[in-house]
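One-letter residues, chain by chain:
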Amino acid sequence: MTMREMVDRLNEYAYRYYVLDDPAVSDAEYDKLYDALCALEEESGEVLPDSPTRRVGGGLLPGFEKRTHLAPLFSLDKAQDMEALLAWRQRTDKLIAELKLPRAEYCLEYKFDGLTVNLTYEGGLLTGAATRGDGVTGEGILEQVKTIRSVPLSIPFKGRMEVQGEAVMRLSVLEDYNKTAAEPLKNARNAAAGALRNLDPAVTAARRLTAFFYQVGYIEGKTFATQREMTAFLKANKFLTSPYQKMFADMESIKNAVDEVEQTRGTLDFLIDGMVVKINDFATREALGNTQKFPRWAIAYKFPAEEMTTTVEDVAWDVGRSGKLTPTAVLAPVDIAGVTVRRATLNNYEDILRKRVKLGSRVFLRRSNDVIPEILGAAPGQDETALREIEKPANCPACGTALAEVGPNLFCPNSLSCRPQLTSRMVHFSSRDAMDIESLSEKTIALLFDKLDIRDIAGIYTLTKEQLLAQEGFKDKRADNILNAIEGSKHPPLANFIYALGISNVGKKTAGDLAKNFHTYEAIA
Ligand SMILES: [Zn+2]
């Protein structure tokens, strides 16, 4: 295979995986070809401009360069409620009648809550990328954008053009990232914006962003008649487009569709903060023109704020793997963005004091931007006499040991026999990125601890089939599954083993780096 063929094939695999969500090959097959390409590039000293190896990011950048967009990026007029949306429709209808234009068809799309990016392609290659900036000039972020796997580095269209889209961090990716991050990210929007406006493309790459494209802002040698046509062009050129684009002829249907999305947006894997309504036909757009600030042919409907108030009924202190106590507020159930919220994090005792949260307090709560709902603070003007202080625990709620204070946090120092510390260490040890003992669920581990006195990792490896079969709910098959999984975990990749040890501050990435450095178990020992 020539280098050109290898690059084309890898890019096609990435397109199938990241854009179509329909993988053509296994990860192992992809990696094998990728490694072969790396070797060939090394050997020949040549790297094609759209080689996937360019997505890795080549070290710290000196700064952001200003980039002037080929065509200015417009911002949209906003409708804060349904009445404002209806008023917009009436204004455009009146103009359409005056100008004797055909009856309008409306295109409804998600309004993504991420960072707007404007990409430049020339000769079929991605040659530039910028933030929105003031709409005329933005900051160059080409190396950062290249790390977004769903963004094509080369496209079939060969003319010069600019496409606009929104870069986002999927909520599942954020959650995954936070499992091992030294500093967890709170908010998918800021995580995406911060990743792209970071001078180290390796940081951008680690956040595994994606980007949805919806607009060709500038193009040479091609015209579009409708939004539908433009979207089809974007798809044909391998861009990931919005998963939601629907056409409507009347306002009642638009209103119903907006309501439906608003009710169910909590189930999406990315953040949206509203819906965009655009007139589909470009001749009509042109005839309607712009106001001083906005195009008249589109409007952004903003969902109402996602902050709600509810009452704190109780506070539960959970003991983690490191012995750290984390307070979780138990709330009167409240619906936010279609999801019922019953618990929210309070980080630590200092956080409780700072936010003036007490038992019975009405608190502001924010969800959807955050993985775990967060209490923003107590609502003002409450009858303080009806509230009770949240007590700072003196002893571990699980084992009764006197707690130690380290900075703003409380710790249970009984690391040798405090039940939640021991069980969560075992859960961590068997997790997928560690020893990958799939059938050892949290529930099973709790049972092993309580009934069989399995208290640590070594104990897991002493389990016998007789012991398991003596437990309620264990039949031959389930016991075999567990024992086979334990047996199968005895020779894990080195990185997994290091991670499994659960050393503080050694997350998945550090474990991988250490493994690369040491190569073998012997070298570490
Ligand atoms: Zn304890």
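Just so you know, the residues in each chain are numbered from 1, in the order the chain's sequence is written. Reporting of local features is limited, given that this is a predicted model, to residues whose pLDDT is at least 70; pairs of side-chain atoms are given and counted only at 80 or more, and all residues count toward the totals for whole chains, interfaces and linings. Side-chain descriptors were evaluated using all non-hydrogen atoms of the structure, hydrogens and water having been removed beforehand.

## Side note on the pattern of salt bridges
Basic side-chain nitrogens of Lys or Arg form a salt bridge, by our definition, when they fall within 4 Å of a carboxyl oxygen of Asp or Glu. The full count for this structure, using the stated rule, is 27 salt bridges. Among the ionic pairs, Glu109 bridges to Lys278, the shortest N-O distance being 3.2 Å. Note that Glu109 is positioned in strand 3 (residues 106-112) and Lys278 in strand 10 (residues 272-279), a separation of 169 residues in sequence. The residue Asp480 makes a salt bridge to Lys465 at a minimum N-O spacing of 3.0 Å. With Asp480 in helix 16 (residues 476-488) and Lys465 in helix 15 (residues 465-469), this residue pair connects regions lying 15 residues apart in the sequence. Think of it this way: any DSSP run of H or I at least four residues long counts as a helix, any run of E at least two long counts as a strand, and we number them from the N terminus.

## Quick look at the coordination of the zinc ion
Within the protein, the zinc ion binds to Cys396 (SG), Cys399 (SG), Cys412 (SG) and Cys418 (SG); these donor distances fall in the range 2.2 to 2.3 Å. A 2.8 Å cut-off from the metal defines N, O and S donors, relaxed to 3.2 Å for Na, K and Ca; water is not in the atom list, so some sites may appear incomplete. Geometry assignment treats four donors as tetrahedral when all angles are between 85 and 135 degrees, treats four as square planar and six as octahedral when opposite donors are over 155 degrees apart and all others between 65 and 115, and treats everything else as irregular. Because the angles between the 4 donor atoms bound to the zinc ion fall within 101 to 115°, the donor set is best described as tetrahedral. All donors of the zinc ion belong to a single chain; written as a sequence motif, their spacing is C-x2-C-x12-C-x5-C. The class for Cys412 is buried, based on a relative accessible area of 2%. Each residue is assigned to one of three classes by its accessible area relative to the maximum for its type, calculated with a 1.4 Å probe on protein chains only: buried under 20%, partly exposed between the two thresholds, exposed over 50%. Using a relative accessible area of 0% as the deciding quantity, one classes Cys418 as buried.

## Considerations on the pairing of strand 13 (residues 325-336)
Strand pairing is assigned whenever DSSP detects at least two bridges linking the two strands. Across 7 bridges, the pairing between strand 12 (residues 307-319) and strand 13 is antiparallel. By the bridge assignment, Asp314 is partnered in strand 13 with Val330. Counting the residues between successive antiparallel strands, the hairpin from strand 12 to strand 13 contains 5 residues, one of them, Gly323, with a positive phi of roughly 90°. Note: strand 13 against strand 14 (residues 339-345), 6 bridges, orientation antiparallel.

## Focus on the sheet that holds strand 4 (residues 115-122)
Sheet architecture is open: 4 strands sit in the order 5-4-7-8, paired in antiparallel fashion. The sheet terminates laterally at strand 5 (125-131) and strand 8 (210-219), the two strands that pair on one side only. Sheet twist, expressed as the average angle between the axes of neighbouring strands with direction ignored, equals 30°. Both strand 4 and strand 5 contribute to a ladder of 6 bridges, which runs antiparallel. Angles shown run from 0 to 180 degrees and are taken between the N-to-C directions of axes, each axis being a line fitted to C-alpha atoms and, for helices, limited to the stretch in contact.

## Observations regarding the sheet that holds strand 9 (residues 245-248)
Strand order in the open sheet made by the 5 strands is 2-11-10-3-9, with mixed pairing throughout. Of all strands in the sheet, those with a lone pairing partner are strand 2 (78-79) and strand 9, marking the two edges. Sheet topology note: the strand 10/strand 11 (residues 298-302) ladder contains 5 bridges and is antiparallel. Each bridged residue has a counterpart across the sheet, and for Lys278 the counterpart in strand 11 is Ala298. In what follows, a contact means two residues having at least one pair of non-hydrogen atoms within 4.5 Å. Helix-sheet contacts for helix 3 (residues 82-98) involve strand 2, strand 3, strand 10 and strand 11, and the interaxial angle to strand 11 is about 170°.

## Overview of the domain arrangement of the chain
Here the chain is described as being made up of domain 1 (3-55), domain 2 (72-302), domain 3 (307-390) and domain 4 (419-492). Each of domain 3 and domain 4 was reduced to a C-alpha centroid, and the two centroids are 34 Å apart. Across the contact, 5 residues belong to domain 3 and 5 residues belong to domain 4. Summed over both sides, the interface between domain 3 and domain 4 buries roughly 420 Å², with carbon and sulfur atoms accounting for 57% of that surface. Between the two partners, domain 3 and domain 4, sit 0 salt bridges. Throughout the structure description, domain borders are defined by an automatic or database domain assignment. What gets called buried area is simply the loss in accessible area from a 1.4 Å probe that two parts show on being joined, summed for both.

## Re the side chain of Thr444
Structurally, Thr444 can be placed in helix 13 (residues 442-452). As used in this structure description, the phrase polar contact means that two N or O atoms lie within 3.5 Å; if the pair is within protein, one of them must be able to donate a hydrogen and the other to accept it, and residues adjacent in sequence are counted only when both atoms belong to side chains. Polar side-chain contacts of Thr444 include one of 2.9 Å to the side chain of Ser441.

## Describing the environment of Tyr461
By secondary structure assignment, the location of Tyr461 is in the loop between helix 14 (457-460) and helix 15. We classify Tyr461 as partly exposed; its relative accessible area is 27%. Sequence separation between Tyr461 and Gly488 is 27 residues; the distance between their C-alpha atoms is 11 Å. The residues touching Tyr461, leaving out its near neighbours within four places in the chain, are Phe429, Met435, Ile437, Ile486, Ser489 and Lys490. Engagement of the side chain of Tyr461 in a polar contact is seen with the side chain of Ser489, the distance being 3.0 Å.

## Digging into the environment of Leu353
In this structure, Leu353 sits in helix 11 (residues 349-354). Sequence-wise, Leu353 and Gly400 are 47 residues apart; in three dimensions their C-alpha atoms are separated by 24 Å.

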